[in-house]
Amino acid sequence: MPENSSCSSAGSCTKSSCEGCPSHNGGPQSFLVEQNKFSNIKHVIGVVSGKGGVGKSFVTSSLAVNMAKKGYKVGILDADITGPSIPKMFGAHDQILGDENGLMHPYETKEGIKLISVNLLMDNEEDPVIWRGPVIAGVVKQFWNETAWGDIDYLFVDMPPGTGDVPLTVFQSLPVDGIVIVTSPQELVNMIVKKAYNMAEAMHITVLGVVENFSYLKCPDCGKEIKLFGESHIDEIAKELSVPVLGKLPLDTSYAAIADKGDFYSIENDHLAKATEVLERI
Ligand SMILES: Nc1ncnc2c1ncn2[C@@H]1O[C@H](COP(=O)(O)OP(=O)(O)OP(=O)(O)O)[C@@H](O)[C@H]1O
């Protein structure tokens with residue numbers, strides 16, 4: 001039965017206008033999209049942020065690298081279609097091609113991390129993606145079920161910021177084990193983290209914890225921690241929401257340089273050790 005794409009409340013809507021929608025016959029309905037037979041993905045982890053530029057892609061890549069260094073098979077689905085930054089972090093510029101089954105094959109870094117991103121499909125990676133929401137959401141689904149992922153222990157999904165079409169699609173269509181919320185230490189954060197948390201809760205998605213990025217800058221001369229964006233409130237927020245703080249990352253210029261160089265596998269990021277532990281326990 002075709003999905004009613006105008007429906008924004010799948011599983012709970014009973015309006016007669018929803019004739020043809022899978023939720024129409026009552027009861028919660030699954031919109032999960034099956035994996036194809038060339039993919040065996042064990043865990044799907046979403047990485048979200050309430051607002052842009054807080055380092056969500058950076059945290060996604062750090063989690064992926066940490067798990068890969070532990071010996072797990074790891075992939076990253078770059079669902080940030082209009083602002084993809086994952087390929088550049090890993091120095092990936094080759095184009096992804098389809099095979100005779102109509103499936104895409106992810107780019108594989110030399111260390112074995114598999115990547116899918118719209119930037120790996122473009123003739124020119126500087127071309128903008130000017131697509132409407134439903135098209136973008138469709139591409140994200142294709143990255144899931146029209147890609148031959150092979151064996152993957154942890155697939156990280158780097159979401160666009162906010163609570164729009166793509167997170168909605170991912171939460172409905174992919175078997176997400178849990179999400180990590182990335183944030184930064186600013187006053188607004190309280191509200192923004194709660195928005196992301198509330199969306200996950202409304203969609204019955206587990207929040208694995210929160211990561212605070214740009215927590216502080218360590219003075220290279222005296223070692224003093226400078227709170228660039230003000231005092232952190234992440235511990236209180238996490239306590240209020242009953243979720244763990246999975247890490248507090250400093251603003252470290254060497255991190256930025258590694259990301260810009262496309263040499264992300266070389267990053268040493270032990271600030272996310274707690275996140276790694278939580279992921280291993282899923
Ligand atoms: N802890 C950090 N130390 C230094 N640089 C960082 C750190 N975290 C992120 N950056 C850099 O900041 C920039 C923005 O990070 P990133 O692209 O991960 O943010 P984002 O939240 O995914 O952005 P968007 O909202 O555009 O998707 C990047 O150049 C990244 O390398």
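Just so you know, these numbers come straight off a predicted model, no measurement behind them.

**Q** Help me understand empty space enclosed by the protein, please; the structure alone is not making it clear to me.
**A** To find the voids left in a structure, one rolls a probe of water-molecule size over its atoms. The full count for this structure, using the stated rule, is two cavities of 30 Å³ or more. The computed volume of the largest cavity comes to approximately 40 Å³. Lining the largest cavity, in full, are V48, G162, T163, P167, F171, I179, A196 and M199. The set of elements that each furnish at least two residues to the lining of the largest cavity consists of α4 (165–173) and α5 (189–202). When grouped by side-chain class, the residues that make up the lining of the largest cavity number six nonpolar, two polar and no charged. By volume, the second largest cavity amounts to about 30 Å³. Lining the second largest cavity, in full, are S184, P185, Q186, V189, E212, S232, H233, I234 and I237. Looking at the lining of the second largest cavity, its residues break down into four nonpolar, four polar and one charged.

**Q** Would you take a moment to explain helix α8 (residues 273–281) for this structure?
**A** Counting along an α-helix, one turn takes 3.6 residues, and residues three or four places apart therefore face a common direction. Of all the residues in α8, the buried ones are A275, T276, V278 and L279. Looking straight down α8, one finds that the buried residues subtend no more than 165 degrees of arc, so they occupy a single side. Of the surrounding elements, those touching the buried residues of α8 are β1 (39–49), α1 (56–69), β5 (150–158), β7 (207–212) and β10 (245–248).

**Q** Before we go on, may I ask you to explain the packing of α1 against α8 in this structure?
**A** A pair of packed helices can be characterised by two numbers: the angle between their axes and the separation between those axes. It is the contact of α1 with α8, at a shortest axis distance of 10 Å, that shows an interaxial angle of 65 degrees. Compared by their axis directions, α1 and α8 come out roughly perpendicular. Relative to α8, the crossing made by α1 is right-handed. Residue-level inspection shows L63, N66 and M67 of α1 in contact with α8, the latter providing A275, T276, L279 and E280. For the contact of α1 with α8, the per-class residue count stands at four nonpolar, two polar and one charged.

**Q** Would you mind showing me how to read the nonpolar core here?
**A** Counting 82 residues, the largest nonpolar core has L77 and F156 as the members making the most contacts within it. Of the residues forming this core, the biggest block, seven residues, is contributed by α1. Setting aside residues up to four positions removed in sequence, F156 forms contacts with I45, V47, T60, L63, A64, M67, V74, G75, I76, L77 and L279.

**Q** Can you help me understand the site of the ligand in this one?
**A** Of all residues adjacent to the ligand, which total 19 residues, the nearest are G53, S57, F58, D80 and P250. Here an oxygen atom of the ligand and a backbone polar atom of K56 are 2.9 Å apart. Within the backbone of D252, one N or O atom sits 3.0 Å away from a nitrogen atom of the ligand. Notes on the ligand: free accessible area 630 Å², of which the protein chains cover 79%. Mapped onto the shell around the ligand, the elements with two or more residues apiece are α1 and α7 (253–261). For the shell around the ligand, a count of residues per class yields 10 nonpolar, six polar and three charged.

What counts, and where the lines are drawn
- Residues numbered from 1 in each chain as written.
- Predicted model: local features only at pLDDT ≥ 70, side-chain atom pairs only at ≥ 80, totals over all residues.
- Heavy atoms only, no water.
- 1 Å grid on protein atoms, 1.4 Å probe; cavity = no way out; pocket = protein on both sides within 12 Å on 5 of 7 lines; lining within 4 Å.
- Points joined across faces, edges and corners; volume = space filled by probe spheres on them.
- Helix = DSSP H or I, 4+ residues; strand = E, 2+ residues; numbered from the N terminus.
- Nonpolar A, V, L, I, M, F, W, Y, C, P; charged D, E, K, R; others polar.
- Buried < 20%, exposed > 50% of the residue type's maximum accessible area, 1.4 Å probe, protein only.
- Arc of directions from axis to C-beta.
- Contact = heavy atoms within 4.5 Å.
- Axes fitted to C-alpha atoms, helices over the stretch in contact; angles between N-to-C directions.
- Parallel < 35°, antiparallel > 145°, perpendicular 65-115°, else oblique.
- Left-handed = near helix turned anticlockwise from the far one by under 90°.
- Core = buried A, V, L, I, M, F, W, Y, C linked by side-chain atoms within 4.5 Å.
- Near = heavy atom within 4 Å.
- Polar contact = N/O pair within 3.5 Å; in protein donor to acceptor, adjacent residues only side chain to side chain.
- Areas by Shrake-Rupley, 256 points an atom, 1.4 Å probe, with all protein chains shown as cover.

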